[in-house]
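Residue-level structure breakdown
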Amino acid sequence: MAFWRSGISAATYRRITLLALLALIFIIITGGAVRLTGSGLGCSDWPTCEENQFVPDLEYHAMVEFVNRAITGIVSVAVALAVLGALLRRPRRRDLIGLALGLVAGVAGQVVLGGLVVWYHLSPWLVIAHFLLSMVLVANAVVLHHRAGRPAGSGVPDGDALAGGTRTRTAGNLTRLLVVVAVLAIVTGTLLTGAGPHGGDADVERLQYDIPSLARLHGGAMALCAAVALLLWGGAERGSFRLRRRGQRSARHAGAARAVVLVIGAQAAIGYLQYFTGVPPLLVGIHIAGAAALWTAVLRLHLAVHEAPAR
């Protein structure tokens, strides 16, 4: 009871939220590994592996699928710690508690979707929904981690009017555009994967889309992402997008924009390489990890631009 009354520091809670964020990104990677190894139906039942058998036999595909399910348990613990930490944090903040509970709701939704994916034999639409919900959870965790490091009441809903100054409206609009285009790139990427060869099982249905056309649409979205990120990076470096408060340059914004540009560059190189080498599973797995990294970087840039200076 004494521990409950004394609580934990804001710095400790921010470390807990980072753990939750990393766990949610990690399970995206391991979930991709299940599909890329053809292990999606390694366990043909859910929540057990097989009917009346919780633990799988020592068979490769079954073990891969079962390990990924076990990692869901680790993610659940990390999310539970985020909720508990929000309750124990001193001072306690309602916004952090709400965001932490959002992670709980998202993980519960993932569990349900995971079961449907198995029951409907890896339907590509359900697999896509599963991945997109994972990205929503990552967004929730990024915002939670960001706010956990900021004073209460330091956010600015409209991104323009700040206490003690004004933020360049152009930068705010560009980051909004970047988020929208990043979503387009992620969605087209999942559709492209749903039409591609790695469905998690040799006999699973695939989306009947023209892969070259989807690839061009996905590549166009990524190119637009790069163009917007380069504008933000250049503007921040020149001081065009700055807080007009004590003449501060946007060093944080420049670093966040640079990170987005570098991740996009790496993703583009991997994407073209996998397209022209027959979509090897290893490169697809790296590309999936890169998608999570890009989404995180874009959100961090958006939050950096739209936050108010601490008072």
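Described in the following lines is the structure provided in the data block. As the structure is a computational prediction, the values presented were derived from the model and not from experiment.

It is worth spelling out helix α4 (residues 94–119) at this point. The terminal C-alpha atoms of α4 lie 38 Å apart, and with 26 residues this matches the ideal 38 Å at 1.5 Å per residue to within 8%. Two residues or fewer past α4, H121 is found with a positive phi of approximately 55 degrees.

Moving on, we come to the state of the cysteines. A complete count under the given rule lists one disulfide for this structure. In this model C43 forms its disulfide with C49; the gap between the sulfur atoms is 2.0 Å. Measuring the twist about the S-S bond at about -85 degrees, one finds the C43-C49 disulfide to be left-handed. The same class applies to C43 and to C49, which are both buried.

Before going further, it helps to examine unusual backbone geometry. In terms of backbone geometry, most residues other than glycine have negative phi values and most peptide bonds are trans. Cis geometry marks the peptide bond from W46 to P47; its omega dihedral reads 10 degrees. Relative to the elements of secondary structure, P47 occurs in the loop between α2 (10–36) and α3 (60–88). Of note, the phi angle at H121 is positive, near 55 degrees, even though the residue is not glycine. Here H121 shows up in the loop between α4 and α5 (124–148). Even without glycine at this site, V279 takes up a positive phi of about 55 degrees. As for its position among the elements, V279 is in the loop between α8 (251–276) and α9 (281–306).

A few words now on the pattern of salt bridges. Side chains that differ in charge, positive against negative, can pair when their charged atoms come close. Evaluation of the coordinates by the stated rule reveals two salt bridges. With its nearest N and O atoms 2.9 Å apart, the salt bridge here joins E65 to R69. Of the two residues, E65 and R69 both sit in helix α3, four residues apart, roughly one turn of that helix. The residues E65 and R69 share a single accessibility class, namely buried.

In this section: the packing of aromatic side chains. This structure, assessed with the given rule, holds four aromatic pairs. Taken together, a centroid distance of 6.4 Å and an interplanar angle of 10 degrees make the contact between Y272 and F276 stacked. With Y272 and F276 both in helix α8, this residue pair falls four residues apart, about one helical turn. Each of the two residues, Y272 as well as F276, counts as exposed.

The next point concerns the nonpolar core. Among the nonpolar cores identified, the biggest contains 66 residues, and Y13, L103, V260 and W295 are the most heavily contacted of them. Taken together, the elements giving at least two residues each to this core come down to α2, α3, α4, α5, α6 (169–195), α7 (211–238), α8 and α9. Apart from the residues within four sequence positions on either side, V260 is in contact with L178, A229, L294, A297, V298 and L301. Counting residues in hydrophobic clusters, the runner-up holds seven residues, among them I128, L191, L214 and A215.

Cut-offs applied
- Residues numbered from 1 in each chain as written.
- Predicted model: local features only at pLDDT ≥ 70, side-chain atom pairs only at ≥ 80, totals over all residues.
- Heavy atoms only, no water.
- Helix = DSSP H or I, 4+ residues; strand = E, 2+ residues; numbered from the N terminus.
- Expected span 1.5 Å × (residues − 1).
- Disulfide = S-S within 2.5 Å.
- Buried < 20%, exposed > 50% of the residue type's maximum accessible area, 1.4 Å probe, protein only.
- Salt bridge = Lys/Arg side-chain N within 4 Å of Asp/Glu carboxyl O.
- Phe/Tyr/Trp six-rings, centres within 6.5 Å; stacked < 30°, edge-to-face > 60°.
- Core = buried A, V, L, I, M, F, W, Y, C linked by side-chain atoms within 4.5 Å.
- Contact = heavy atoms within 4.5 Å.

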